[in-house]
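# A closer look at the structure
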Amino acid sequence: MTCPTHKRCHATYALAEEALIGAHVAYRYGKGSRPVGVYQCDECGQYHLTSQGEVNPRLQKMLEEGQIQKQKEASWWEEKFKRK
Ligand SMILES: [Zn+2]
């Protein structure tokens, strides 16, 4: 299913939330544009990430507790071992 907004679609809120957190683990965001939340789309009825509005509470908690950083390091090691 495609959406007129051309954003990536997630079937459920939970999946979109996973993608949101995964994006923060995978990328290093500056203070500028970064996805902070999840919303249900009026066009396609599925869920997209948004860089506007309030920070998703689960993401906020993970950032505060340093869990995002921890997972970043974990996947960094994973990548390192894969290459050997
Ligand atoms: Zn949509």
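Please refer to the structure higher up on the page.
Residues numbered from 1 in each chain as written. Predicted model: local features only at pLDDT ≥ 70, side-chain atom pairs only at ≥ 80, totals over all residues.

## Remarks on the nonpolar core
With five residues, the main nonpolar core is built from A16, L20, V38, Y47 and L59. Setting aside residues no more than four positions away along its own chain, V38 makes contact with Y13, A16, E17, L20, Y47, L49 and N56. (Core = buried A, V, L, I, M, F, W, Y, C linked by C-beta atoms within 7 Å. Buried ≥ 20, exposed ≤ 12 C-beta atoms within 10 Å, placed from the backbone. Contact = placed C-beta atoms within 7 Å.)

## Things to note about helix α1 (residues 13-26)
With 14 residues, α1 ought to run about 20 Å at 1.5 Å a step, and its terminal C-alpha atoms sit 20 Å apart, in line with that. Within the span of α1, buried status applies to A16, L20 and H24. Looking straight down α1, one finds that the buried residues subtend no more than 80° of arc, so they occupy a single side. Along α1, the residues that are exposed and aim more than 90 degrees away from the buried face are A14, G22 and A26. (Helix = DSSP H or I, 4+ residues; strand = E, 2+ residues; numbered from the N terminus. Expected span 1.5 Å × (residues − 1). Arc of directions from axis to C-beta.)

## So, the packing of α1 against helix α2 (residues 57-64)
Look at α1 against α2: their axes get within 10 Å of each other, and the N-to-C directions meet at 30°. Relative to α2, the element α1 is oriented roughly parallel. When you trace α1 past α2, the crossing you get is right-handed. In this structure, α1 contributes E17, L20, I21 and H24 to the contact, and α2 contributes R58, L59 and M62. Taken together, the residues of the contact of α1 with α2 break down into four nonpolar, one polar and two charged. (Axes fitted to C-alpha atoms, helices over the stretch in contact; angles between N-to-C directions. Parallel < 35°, antiparallel > 145°, perpendicular 65-115°, else oblique. Left-handed = near helix turned anticlockwise from the far one by under 90°. Nonpolar A, V, L, I, M, F, W, Y, C, P; charged D, E, K, R; others polar.)

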